[in-house]
Every structure is written in structure tokens, then in C-alpha cells.
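Listed below are the residues making up each chain.
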Amino acid sequence: MRHSFTYAIAIALLGGAALAQSDSNSAPNPYREDTGWAKHGAGRNFGSTPGLAIDRDGKSLWVFDRCGGNGCEGSNIDPVTKYDSTGKVVTTFGAKMFVRPHGVYVDSEGNVWVSDGVGIAPKNGKPGLGQTVTKLSSEGKVLMTLGTPGVTGEDATHFNAPSDILVAPNGDIFVADGHGEKTNARIVKFDRSGKFIKAWGKEGTGPGEFNEPHGLAMDSQGRLFVADRANNRLQIFDQDGKFLAEWKQFGRPSGVAIDKNDVIYVADSQSGEKENPGFKQGIRVGSAKDGKVTAFIPETKDLGSLEATAYDDAGNIYAGYTGAMNLRRFVKK
């Protein structure tokens, strides 16, 4: 049995490596920027924008940004914004609730889940803030908090730099917990009520190990895709944490999204001569079924750190930038 499992892993690794040899930088770009699609409209600029998610209506876009800058500590600005399909701001909320916004996910009931990757410890009788995953209603009411606000750890009730969240069709909650050096490197699973089920992973480069588990997505088969960024790969698991495959052809992934047709969208914000040579930054589009890259939207010189991506039912693709502090939409040519 052990030999069969080892062989399966070897095949999965070799398959990913073989696919990675194809030049995904040369895939066609059938998209153009929809210039001026959205302005914030709430009296401020965009901030560092690592969190994008399409609403359950398939049209509206939820954005989780860092309060018009690179953090929300001391800010009175709402970091959660919802846009309609025309780019108009519909609602904002979340002021003074978060330290350093990161991931956002919208579940089938329309609830908005967000991760806060930096903590402010409890002090002088004041509660802590950050190092949490929060479930919010679409109006901004707190419905659930996972983690202990302001306190880091690596157990059932603590996180250290949670980067992203995903809610499975059965309600189970997955958290990508970690953001590089001196943080965690694991996936944590809870049931729909927030009860801890299990965690898997540790820092490393092998199957089931992580170095910056930065994004999560799930395909129609229920497979969990993890953007294992600093390892230059996507890792694929079943929902119990069994390793299935790794793919390197999508570059150095920061953000990952998969639509109902199993089209996969991967944001690469760091590839270059220093990190992941041979790949360029941008958004790669392909198939979650066979891993083939079918389109590539290259990064432009005036923007940097394209960390987040999302899609809508009309076929538009969205890009969130941390370094450039911006939000863009791409439409079919």
C-alpha cells in the first residue's frame, strides 16, 4: 500500500513538472483592460488590495483592501467594499475591525468571510485585534470569529497570519494559515459551526508541506487547490488533506479562483529572474481538469504585485494589486 501511494505521488509530481515545461508566458491574451471601470467612490483611493470575491449573484464584486493604504490600524476607513457590475459602490463596512486585511470569500448564503493576517495583542484591558477569520453578513454584522483576536498560535483556536478562506458546499471551512517566515504553514479545517476538525501541513517543499499558503479554491470535484506561493506551485488535495498533485505551470501563485465550469484563474505577483525564473507575472487562465494554461494576461509596467484575482458570470476577470494599490477589470476583446 505504501509503495502504491509513493508511486502515485511520484506520478503526480512528474505530471506537474512536465506541464510546467510548457511556456505559459506565450499563451494568448484574449482580454483587454476595461479602463476606468471602477473608482472607489467613497471619498478615498484604493489601498493595497489582496482580497477579491464575486458575490453569489455572479455579478457583484466584494473587495477587501487595506483602508486606502497598506494597513488599517488607526484608520476610520471601511476596508470591505461591494461594487455592482457597472463599477458603482453599493456598500462599505468594517472600519476599526481589522489590522491588515488579506483574504475574502463569499459563501452560498451571501455571507462575507475575511482574514486578518496581523495581530494587535490584548493590552491594558483592551481586547486584541487581528489574527482571525471573521464571518460577516452582507450588511457587515459579525456572525462568527475563528481564532483568538490578537494572539498568535498553531492550535485549534489560534492562527499566525491567516491568508485565505474557503467554505465548501457542505459548509466546512478551510483556512490557509501562514504567510511565510515565522508564521504558520498549514491548512486548517472547521465544520460549519466553527468546530475544529483537523489541520495539515508544515513548512517545507515536499508534498503536503507549504511555504506561504496564500490562496484557496475548490473545483467541481471538491478538490482543494492551495496557492503555495513561495514553493512556486499549486498543490491539490482532497478535503481530508490527502495530497493529490502539484502544478507549477501557473507560475508563482498568490491568488487562485475556479469557476463553475472548472476554469482556473491564477494571479502571479512575484515571478521573475530572482523568484521563479522563466515565468512572468500576470494572470494565467486554464483548466482545473487537466492543468492546461489557455490564456495569459501579462502584468503591465505601471502596476505591481498582482496578488488577487476573481471572475464573474459574464466572463470578466478582476485583478487586485497590493504594491500598486489598485483594482482593475479585464474583459474579452
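Everything numeric here is computed off the predicted structure, so don't read it as measured data.

Here is what the cut-offs are and how they apply
- Residues numbered from 1 in each chain as written.
- Predicted model: local features only at pLDDT ≥ 70, side-chain atom pairs only at ≥ 80, totals over all residues.
- Heavy atoms only, no water.
- Pairing = 2+ DSSP bridges.
- Helix = DSSP H or I, 4+ residues; strand = E, 2+ residues; numbered from the N terminus.
- Axes fitted to C-alpha atoms, helices over the stretch in contact; angles between N-to-C directions.
- Disulfide = S-S within 2.5 Å.
- Buried < 20%, exposed > 50% of the residue type's maximum accessible area, 1.4 Å probe, protein only.
- Salt bridge = Lys/Arg side-chain N within 4 Å of Asp/Glu carboxyl O.
- Phe/Tyr/Trp six-rings, centres within 6.5 Å; stacked < 30°, edge-to-face > 60°.
- Polar contact = N/O pair within 3.5 Å; in protein donor to acceptor, adjacent residues only side chain to side chain.
- Contact = heavy atoms within 4.5 Å.
- Lys, Arg positive; Asp, Glu negative; His and termini not counted.

Enquirer: Give a description of the sheet that holds strand 14 (residues 213–218) that names residues and reports values.
Expert: With antiparallel pairing, the four strands of this open sheet are ordered in space as 14-15-16-17. Unpaired on one side and paired on the other, strand 14 and strand 17 (243–247) mark the two borders of the sheet. On average, each strand axis in the sheet is inclined to that of its neighbour by 20 degrees, with strand direction left out of account. Sheet topology note: the strand 15 (residues 224–228)/strand 16 (residues 233–237) ladder contains five bridges and is antiparallel. If you follow V226 over to strand 16, its bridge partner there is Q235.

Enquirer: Give me the lowdown on the state of the cysteines, citing residues and values where you can.
Expert: Two cysteines whose sulfur atoms are joined by a covalent bond form what is called a disulfide. What the rule picks out here adds up to one disulfide. Sulfur-sulfur distance for the disulfide between C67 and C72 comes to 2.0 Å. Between C67 and C72, the disulfide has an S-S torsion of 100 degrees and is therefore right-handed. Classification of C72 as buried rests on a relative accessible area of 3%.

Enquirer: Residue-level account of the pattern of salt bridges, with values.
Expert: One pass over the structure, following the stated rule, counts 14 salt bridges. Residue E33 pairs with R328 through a salt bridge whose shortest N-O separation is 2.7 Å. You can see E33 sitting in strand 1 (residues 31–33) and its partner R328 sitting in strand 24 (residues 326–332), a full 295 residues away along the chain. Assessed through its relative accessible area of 26%, E33 is described here as partly exposed. Classification of R328 by relative accessible area gives buried; the value is 16%. The partner of R284 in a salt bridge is D268, with the nearest N and O atoms 3.0 Å apart. In this pair, R284 sits in strand 20 (residues 282–287) while D268 sits in strand 19 (residues 263–268), placing the two residues 16 residues apart along the sequence. Comparing R284 with D268, the two get one shared label, buried. Each of D172, K189 and D240 takes part in one network of salt bridges that share partners.

Enquirer: Can you explain the sheet that holds strand 22 (residues 306–311)? Please cite residues and give values.
Expert: Within a sheet, neighbouring strands are paired by backbone hydrogen bonds and run either parallel or antiparallel to one another. The antiparallel open sheet is built from four strands, whose spatial order is 1-24-23-22. Edge positions in the sheet fall to strand 1 and strand 22, since each of these pairs with one other strand and no more. Averaged over all pairs of adjacent strands, the angle between strand axes in this sheet comes to 30 degrees, irrespective of strand direction. Pairing geometry for strand 23 (residues 317–321) and strand 24, over five bridges, is antiparallel. In the sheet register, I317 faces strand 24, and the bridge partner there is F330.

Enquirer: Residues and numbers for the packing of aromatic side chains, please.
Expert: Summed over the entire model, instances satisfying the criterion amount to 13 aromatic pairs. An angle of 70 degrees between the planes, with centres 6.5 Å apart, marks the rings of F174 and W200 as edge-to-face. Here the residue F174 occupies a position in strand 11 (residues 173–177), and W200 occupies one in strand 13 (residues 196–200), the gap between them amounting to 26 residues. A ring pair is formed by F237 and F243, whose centres lie 6.1 Å apart and whose planes are at 75 degrees; its orientation type is edge-to-face. The exposure class assigned to F237 is buried, which follows from its relative accessible area of 0%. These aromatic residues form a ring-pair network of at least three members: F174, W200, F210, F237 and F243.

Enquirer: If you had to explain the side chain of T49 to someone new, which residues and values would you point to?
Expert: By the element assignment, T49 lies in the loop between strand 1 and strand 2 (51–54). Overall, the relative accessible area of 0% leaves T49 in the buried class. For T49, the side chain forms a polar contact with the main-chain oxygen of G47, separated by 2.6 Å. The residues contacting T49, other than those within four sequence positions of it, are V63, F64, D65, A308, G320, Y321, T322 and N326.

Enquirer: Tell me about the side chain of D259, and name the residues and values.
Expert: Of note, D259 is situated in the loop between strand 18 (253–258) and strand 19. Buried and unpaired, D259 has K260 as its nearest opposite-charge partner, separated by 8.3 Å. A polar side-chain atom of D259 sits 2.8 Å from the main-chain amide nitrogen of N261. Looking at D259, its side chain comes within polar contact range of the side chain of Y265, at 2.9 Å. When sequence neighbours within four positions are dropped, the list of residues in contact with D259 reads Y265 and Y311.

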